[in-house]
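# Tertiary structure, described
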Amino acid sequence: MNKIVSRFAPSPTGYLHIGGARTALFSWLLARASGGEFRLRIEDTDRARSSQEATNAIIDSMKWLGLEHDGEIVFQSDNADRHNAVIDQLIETGHAYYCECSKEAVDAMREKAMKERRKPKYDGSCRESGLKSGVVRFKTPLEGTTAFKDMVKGPIAVENTELDDMILRRADGSPTYNLAVVVDDHDMGVNNVMRGDDHVNNTPRQILIYRAMGWDVPEFGHVPMILGPDKKKLSKRHGALSVMEYEKMGYLPEAVTNYLARLGWSHGDQELFTMDEMVELFSTDNLGNSPSVFDLTKFEWVNGQYMQRADPERLAGMLCDFLTREVGEEEAKSVSKSDFAKIAPLLQPRAKSIVDMLEQSRPFIVDAGFLPYDEAAVKKFLTDETKPLLEDIASRIEALDEYSEQTLEDLHRQFLEDKDIKFKVIAQPIRVAIVGATKSPGLFETMMVLGKTQTLARLKRAIEL
Ligand code: GLU
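Note that the coordinates shown come from a computational prediction; the quantities given were computed from them, not determined experimentally.

In this section: the nonpolar core. Counting 105 residues, the largest nonpolar core has Met62, Tyr246, Leu252, Phe294, Phe340 and Ile397 as its most contacted members. Filtering out sequence-adjacent residues up to four positions away, Ile397 remains in contact with Tyr403, Leu408, Leu411, Met447, Lys452, Thr455, Leu456 and Leu459. Formed by 30 residues, the second largest nonpolar core is a distinct cluster that contains Val183, Ile207, Tyr210 and Met213.

If you want it as structure tokens, here you go:
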């Protein structure tokens, strides 16, 4: 078998959305699973609707998701001369013709001929008129069927009489999508075209162009849409966001690719796949043919799984970046990556995203004097009754020679025994004192991450409150 060369060919008319990203992922997996090549082509021929910003966003998104491409990025607009040369060749070989009729007139002509069950003679029509200007149309065969076996949808066949004489070159001289996509895919050596199923009706037309040029026809696979939970087109509210918005919300790229792959592809009951596993296991045989429903809750679960498994050092780096984005470089300097690396393991079991983790790490990274308190928690737990208990604890901690999780635990056990009270009497007051709220990771772990000085400073500030 030939080496698979697949591609992703987005139009830079908007950001890369989650649906487009999934198409790119499947195409990438197709290539990687077979040790083939994955190419990226920016289809920027619609000058009015394309933008550099959108192009950059596509490239950034692909990079962030880890869908690296082989070779140079191809910009379709660079190939206009080549597209026109192919159109000229199709005219010369009798597969295309100039036409001055409106689309309606051409359709009516074809329909009339079909009805009369005759080959249209096109008397006076453009097909055989030898006109030298106008749009250029493809001479669609008047009989026969164009069939292909879709990698996702199975066999598809269309009667050629159902296809119109598509325009290859507009009156302004610009080549159309159907022509350009065929020429570029051929020239880039693409032999596997994976794309959204909004293109399935274009495929027979494109196959006819391949045949007219005497080129090998690639394999095609059309991936169904992603729908919202209401079974309608995925809306923003339900997750139809750009890939970079997921990045900004602090989700991990491997969670996005894992979740997207599972939307439409399966391998038994397995839910979590590393990129390497997906590459190893991917096959188009397991691609589903019905639209999948985007489930934000499930996605967040997947992300949580990856948050738990992630290397704390990596999370620490991301936390630094996110803090810098939020407060600027100068202020972010007050917290080091190694501070975050200590905090991350504590928060990993519960954090939903990097943004959430940064939020949860706030009590750890501010100096005692700036610790924000949850008012209600303060009222409830920092009372006249708990004050002497906190004072006692603080002086015992101060007196500790060795500050460790073990000595802290022993200290508290002794304290409870001396006072003859239960841990729960003191647990929440301490928690509110050291992190300002009633929720935190384990108390002693938290004290360890804070360190002796911060822990004491916080207890003292709480006592003063
Ligand atoms: N540029 C087309 C689009 O963004 C895709 C073309 C293709 O994959 O064949 O819809």
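Glancing now at the site of the ligand. Every residue lining the ligand is accounted for by Arg7, Ala9, Pro10, Ser11, Glu43, Tyr177, Val181, Arg195 and His199. Between His199 and the ligand, the recorded distance is 2.8 Å, taken from a side-chain N or O atom to an oxygen atom.

Another aspect to go through is the environment of Ala332. Its place among the elements puts Ala332 in helix H12 (residues 329-332). By relative accessible area, Ala332 is classed as buried at 7%. Note: C-alpha distance between Ala332 and Met213 (119 residues apart in sequence) is 60 Å.

With five of five residues buried, strand S9 (residues 192-196) lies mostly within the body of the structure. Across five bridges, the pairing between S9 and strand S10 (residues 219-223) is parallel. Residue pairing in the sheet places Asn192 in a bridge with Glu219 of S10. Once the chain exits S9 it traverses helix H6 (residues 203-213) before rejoining the sheet at S10, and the crossover so formed is right-handed.

On to the side chain of His412, then. Here His412 lies in helix H17 (residues 405-419). In contact with His412, not counting residues within four places along its chain, are Ile393, Phe423, Ile430, Phe444 and Met447.

Attention now goes to the packing of aromatic side chains. Going through the model one piece at a time under the given rule, you end up with eleven aromatic pairs. Aromatic pair Tyr246 and Tyr251: ring centres 5.9 Å apart, planes at 45°, arrangement tilted. Like Tyr251, Tyr246 is buried. Judged by centre distance (5.2 Å) and plane angle (85°), the rings of Tyr259 and Phe294 are edge-to-face. Of this pair, Tyr259 sits in helix H8 (residues 253-262) while Phe294 is found in the loop between strand S12 (292-293) and helix H10 (296-309), placing the two residues 35 residues apart along the sequence. Of the two residues, Tyr259 and Phe294, both sit in the buried class. Over the ring of Phe322 we find Arg325, and its NZ or CZ is 4.4 Å from the ring centre.

Cut-offs and rules
- Residues numbered from 1 in each chain as written.
- Predicted model: local features only at pLDDT ≥ 70, side-chain atom pairs only at ≥ 80, totals over all residues.
- Heavy atoms only, no water.
- Core = buried A, V, L, I, M, F, W, Y, C linked by side-chain atoms within 4.5 Å.
- Buried < 20%, exposed > 50% of the residue type's maximum accessible area, 1.4 Å probe, protein only.
- Contact = heavy atoms within 4.5 Å.
- Near = heavy atom within 4 Å.
- Polar contact = N/O pair within 3.5 Å; in protein donor to acceptor, adjacent residues only side chain to side chain.
- Helix = DSSP H or I, 4+ residues; strand = E, 2+ residues; numbered from the N terminus.
- Pairing = 2+ DSSP bridges.
- Right-handed = clockwise from strand over helix to strand, strands pointing away.
- Phe/Tyr/Trp six-rings, centres within 6.5 Å; stacked < 30°, edge-to-face > 60°.
- Lys NZ or Arg CZ within 6 Å of the ring centre and 35° of its normal.

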